[in-house]
Amino acid sequence: MEEIQKRDIRKLSQADLEEFFLEQGEKKFRAKQVYEWLWNKSLKNFDEMTNISLSTREMLKKYFIINHIQVDLMQHSQDGTIKNAVKLFDDKIVESVLIPTSKRITACVSSQVGCSLDCNFCATARLKRMRNLNADEIYDQVVAIKDEAETYFKRPLTNIVFMGMGEPLLNYSNVIDAIDKITSSDGLGMAPRRITLSTVGIPKMIKKMADDGVKFNLAISLHSAINETRSRLMPINDKSPLEELGESLRYWYEKTKRKVTYEYVIWDGINDDEQHARALAKFCKIIPSKVNIIQYNPIDEGEFRQASKAAVEMYVRILESQGIIAKVRKSRGQDIDAACGQLANKNEVAELVKI
Ligand code: SF4
């Protein structure tokens, strides 16, 4: 007998599932029931689908698998931060973080295994990009953190940031599919304004998001508003310099009327002078925006060191004198390597974006 090649059932839309059930001589409404178990209730196996008959469950098992993630290792920081090492169906590992504050519980999730963008200050860059995450793998990270928030804090998950491993705009369709599920009533029903996508800033994708009418927040990892410095930190800037980024942000604002947040780390001897602070203030005038100044955690003995308190204060003074909102964010979860740059993730996992 020919062996059936089992498919990941969560790659099917509800309409695909309806078609499948009709082909099998079953009622169409089964699709909605199964879909709800898979997404709304995040079940990991068919046997727990209690309103589905045993024979139908057996039939589903014959054709499908559920490629659910597994939290392989969970580490708790003294400040309450939880870091998950998440194992994917092919044994690759990504990391996601729960960040609790008095008002929020934020999930920081990964969108790729590794990253191709080579930002010099980032631990993930050393892993190189292995593959994109599927939409369900992104969604599952959020569900795992939502469950941990309820278990350990007795509070709901309030915010999600795409600031983990990888560049979300280089895995656009899966990230958008995952956000659709997170915000849909079939999924977690979270408001899009509670979600922030953080990107190095890929101009053509920023314009695409604006055209697609996305409703979530946008954060840009800026780190310098001077091309020479930014290219040194982030080689992507050679391909898409600040002028092009600024132009795409103008387009974003014209279409969405949504302000943007700039993520900004100040490094000792790299961008800690007045010239850089003034360049940032000028860049911030392109569209309505605010700045998160993020504390840096060295990933090794390398060239990047946290700037002095005086340099941070100088930035805040210059930005505020020009009417720009600037918040200094403390790093979280340092003792479990869940803070800035320690995750083998993106550098900006700090106290996170508040828009
Ligand atoms: S900072 Fe982000 S885009 Fe840059 S290498 Fe790290 S994960 Fe990739």
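Fair warning: this is a prediction, and the values are worked out from it, not measured in the lab.

### Side note on the sheet that holds strand β11 (residues 217-221)
Now for step 1: Taken together, the 10 strands give an open sheet; going across it, the order is β3-β4-β5-β6-β9-β10-β11-β12-β13-β14, and neighbouring strands pair in mixed fashion. With partners counted over all chains shown, the strands left at the sheet margins are β3 (70-76) and β14 (325-329), one partner each. Strand-to-strand twist in this sheet, taken as the mean axis angle between neighbours without regard to direction, amounts to 20°.
Now for step 2: Bridge count for strand β4 (residues 82-87) against strand β5 (residues 93-100) is six bridges, and the pairing is antiparallel. Note on β5: the bridge partner recorded for Val 86 is Val 94.
Now for step 3: Taken strand by strand, helix α4 (residues 135-153) contacts β3, β4, β5, β6 (105-108) and β9 (159-162), and its axis lies near 40° from that of β5.
Now for step 4: Strands in contact with helix α5 (residues 172-183) are β9 and β10 (195-199); relative to β10, the strand with the most contacts, it is inclined by about 165°.

### A short note on the UniProt feature "active site" (unreviewed entry) in the protein chain
Now for step 1: In this numbering, the UniProt entry assigns the feature "active site" (unreviewed entry) to Glu 95 and Cys 340.
Now for step 2: Counting through the fold element by element, Glu 95 comes out in strand β5.
Now for step 3: Judged by relative accessible area, Glu 95 falls into the buried class, the value being 14%.

### Observations concerning the domain arrangement of the protein chain
Now for step 1: When its domains are assigned, the protein chain resolves into domain 1 (7-65) and domain 2 (70-354).
Now for step 2: Computed over C-alpha atoms, the centres of domain 1 and domain 2 are 35 Å apart.
Now for step 3: Contact with domain 1, which involves eight residues of that partner, is made by nine residues of domain 2.
Now for step 4: Together, the buried faces of domain 1 and domain 2 total about 820 Å²; carbon and sulfur atoms form 45% of this surface.
Now for step 5: Three residues, Arg 10, Trp 39 and Asn 40, lead the burial of domain 1 against domain 2; their summed loss comes to 58% of the area buried on that side.
Now for step 6: Summed over the shared surface of domain 1 and domain 2, the result is two salt bridges.
Now for step 7: Close ionic contact of Asp 136 with Arg 10 constitutes a salt bridge, the shortest N to O distance being 3.6 Å.
Now for step 8: Across the domain 1-domain 2 interface, the total number found is six residue pairs in polar contact (both at pLDDT 80 or more).
Now for step 9: In terms of residue count, the dominant contributor to the side of domain 1 that touches domain 2 is helix α2 (residues 29-40) (three residues).
Now for step 10: For the side of domain 1 that touches domain 2, the residue count by class is two nonpolar, three polar and three charged.

Conventions and cut-offs
- Residues numbered from 1 in each chain as written.
- Predicted model: local features only at pLDDT ≥ 70, side-chain atom pairs only at ≥ 80, totals over all residues.
- Heavy atoms only, no water.
- Pairing = 2+ DSSP bridges.
- Helix = DSSP H or I, 4+ residues; strand = E, 2+ residues; numbered from the N terminus.
- Axes fitted to C-alpha atoms, helices over the stretch in contact; angles between N-to-C directions.
- Contact = heavy atoms within 4.5 Å.
- UniProt positions renumbered as here; feature names shortened; annotations may be inferred.
- Buried < 20%, exposed > 50% of the residue type's maximum accessible area, 1.4 Å probe, protein only.
- Domains from an automatic or database assignment.
- Buried area = accessible area lost by both parts, 1.4 Å probe.
- Salt bridge = Lys/Arg side-chain N within 4 Å of Asp/Glu carboxyl O.
- Polar contact = N/O pair within 3.5 Å; in protein donor to acceptor, adjacent residues only side chain to side chain.
- Nonpolar A, V, L, I, M, F, W, Y, C, P; charged D, E, K, R; others polar.

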